[in-house]
Amino acid sequence: MSPQKAYVTTPIYYVNDVPHIGHAYTTIIADTMARYYRLKGYDTFFLTGTDEHGQKIEEAAKVRNRTPQEYANEISGKFKSLWDEFDISYDKFIRTTDTEHKQGVQKAFEKMFDNGDIYKGEYEGHYCVSCETFFTDTQLIDENLCPDCGKETRVVKEESYFFRLSDYQEKLLNWYEDEKCVLPKGKKNEVISFVKQGLRDLSITRTSFDWGIKLPPKMDDEKHVMYVWLDALLNYITALGYGTDEKNMKYWPATVQLVGKDILRFHAIYWPAFLMSLGLPLPKHVAAHGWWTRNGEKMSKSKGNVVNPKEVADAYGLENFRYFLLREVPFGQDGDFSQKALIDRINSDLSNELGNLLNRIIGMSSKYSNFQVSSKDVLAYHEKELLTAMEHLKIAEINLNELQTNRFLEELWKTLTIANQSITIYEPWVKIKNNEKDFALATVAMVANILAKVSVLLHPVMPKTTSKIAKALNFDINNDSYVKFIENNDLLNDFVIQKVPPLFPKIENELLVTPNPSEKIVKTEEDSLITIDKFFQTKLKIGTIIEAKEVPKSKKLLKLQVDLGDDKPRQIVAGIKEYYTPESLLNTQICVVSNLKPAKIMGLLSEGMLLAAKDENGLSLIRPENKKQNGSSVG
Ligand code: MSP
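Rules used in this analysis
Residues numbered from 1 in each chain as written. Predicted model: local features only at pLDDT ≥ 70, side-chain atom pairs only at ≥ 80, totals over all residues. Heavy atoms only, no water. Salt bridge = Lys/Arg side-chain N within 4 Å of Asp/Glu carboxyl O. Helix = DSSP H or I, 4+ residues; strand = E, 2+ residues; numbered from the N terminus. Buried < 20%, exposed > 50% of the residue type's maximum accessible area, 1.4 Å probe, protein only. Pairing = 2+ DSSP bridges. Axes fitted to C-alpha atoms, helices over the stretch in contact; angles between N-to-C directions. Parallel < 35°, antiparallel > 145°, perpendicular 65-115°, else oblique. Left-handed = near helix turned anticlockwise from the far one by under 90°. Contact = heavy atoms within 4.5 Å. Nonpolar A, V, L, I, M, F, W, Y, C, P; charged D, E, K, R; others polar.

## Remarks on the pattern of salt bridges
Under the counting rule described, the total for this entry stands at 31 salt bridges. A salt bridge links Arg 327 to Asp 349, with the nearest nitrogen and oxygen atoms 3.9 Å apart. Remark: Asp 349 occurs in helix H12 (residues 339–369) and Arg 327 occurs in helix H11 (residues 318–328); sequence separation between them is 22 residues. Neither residue differs from the other here; Arg 327 and Asp 349 are each classed as buried. Residue Lys 376 is joined to Asp 377 by a salt bridge in which the shortest nitrogen-to-oxygen separation is 3.0 Å. Judged by its relative accessible area of 19%, Asp 377 falls in the buried class. Three or more residues are tied together by salt bridges with common partners; here these are Arg 327, Glu 328, Arg 345, Asp 349 and Glu 410.

Right, dumping it as structure tokens:
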């Protein structure tokens, strides 16, 4: 019989930012699950990678004067090296700029089109570049702010291909009947109510920028590139060779697809709909975790409060950090990162309970039996403790299978408590004095057996540390020991215990310097300083408004023709209608950013941006004090 298969995925990370604790969290949970399935003997495939297309990346590269590909190469490399340093056991690191991925995406597009799920139309609405998401008027906050991240959205009106998402509403609701398809349950309920409000067809191509996968040649429509979320979601199957070399498609459907709560909608609505359109089975679990905050605040570069996972791992130990991330917050809820909480976990859970247990076994067996440990009398004296321990270990595994990592670890620690308490209750040193040596040695061996079983199940979270514990107990952690100690509930063979250096030295003080708020501000300002060369990359010019008209149906926009001293005037669409009438602007001079990439605003081409200052009293255009020649430069 061929072994059961498992396929675990992380989201693919945007390359507009370097890895932070949030990325590390998702990846470490996924790595834990992949290691757990391998331990159980499953034929496992674990995927991670980077999401490299889209307007956000194109713009991030441009600001840095790099091509999107160069920039993507650099940041993708940073993710890969961090995961390598963190010993993340991925089987494939996919990049959406990989040729096979692009081919697979085009194949999928073709298939969806042939099925009648894709049609051509025109998209008109708002787009948030930061979230790479389309929004309707009613979804926006304060008319133009993104409901997810709060940043300004852009009005987009362009030809687009659409995916018939609305056709999948009922099919999706049927899928949600499967109790564990979306975890945790509370998050699934949010998805269900969203879908019940009605799904609109999804715009899946863009024409206003280039950095994306082209449509399949068969479509013969050069000006479109794929919407980045269609491109990105398909990575989960193109990584298995979908549309190219399909030999790894045997791993599909995924066992667990890990995501953060912010991107659950894409994974629990769009993704299953795309899969149904492709005629592929749906993932077994899409599991959404919460967010890490710092002192209760969202992390952001401007606040200077982003937690760098490498710094934390270097200071406190990678596996201690892994344990903390998985233990500290209930899966699905937000958690606050603090060094104090991390130190508490290391000192109490790891050092006092886990590490100390091993020390006590070594100490007692050195005194009573010259380091010999034998399980021969364990069942006679301690069957009850072993049975209770096994019950906790069973519950632990049930929790892990539902991604409840904190409850999983809690159950393992309950088992350790049984062992630690047994030493206090049975006092082997008293038994030795009372000539009950068999009893005393059985207690030591029972504790060693509990520690062995916990080490096996803890292995996916702390692979190196648990291997050291297992070595001291004279076994290796692998599928054989999982079957022996967990599935069959066998006991350790007689062995001579090995001494090990302390696994979890106590930590007295915080090891990382936390910037104080005033330092933070100075740092942020310094970070945002630019060189004179950078400034001169922005070309500012004086121009005269020679025509000004209202944009029909828009409360905010005016369409201006501005003479910048060139052969023909520039068209600039500006949100100043609430402050200026078209007549009052005619023949006045303004200051314009003249080298801005043209953009379409409500379907109108805008070839620049005018400068204005705004406060609570309104908005004023920035103008020269005296008349200047059109086209004169500002700087
Ligand atoms: N590129 C998309 C995913 C495409 S998957 C087909 C994306 N990338 S991301 O880099 O912005 O985010 C990746 C993951 O990191 C998400 O699951 C997100 O929830 C997670 N986190 C980002 N910041 C986080 C925290 N502060 N805390 C926990 N996780 C958060 O979205």
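## A look at the sheet that holds strand S7 (residues 154–163)
Strand order in the open sheet formed by four strands is S6-S5-S7-S9, with antiparallel pairing between adjacent strands. Either end of the sheet is taken by a strand with one partner, and the two such strands are strand S6 (133–135) and strand S9 (202–203). Here strand S5 (residues 118–128) runs beside S6; their pairing, made up of three bridges, is antiparallel. What sits directly across from Tyr 127, in S6, is Phe 134.

## Remarks on the packing of helix H6 (residues 185–196) against helix H9 (residues 264–278)
Look at H6 against H9: their axes get within 11 Å of each other, and the N-to-C directions meet at 55 degrees. Here H6 lies oblique to H9, going by the angle between them. Pair H6 / H9 crosses with right-handed handedness. When H6 is examined against H9, the residues Lys 187, Val 191, Phe 194 and Val 195 are found in contact with a partner set consisting of Leu 264, Arg 265, Ala 268 and Ile 269. Its residues placed into classes, the contact of H6 with H9 shows six nonpolar, no polar and two charged.

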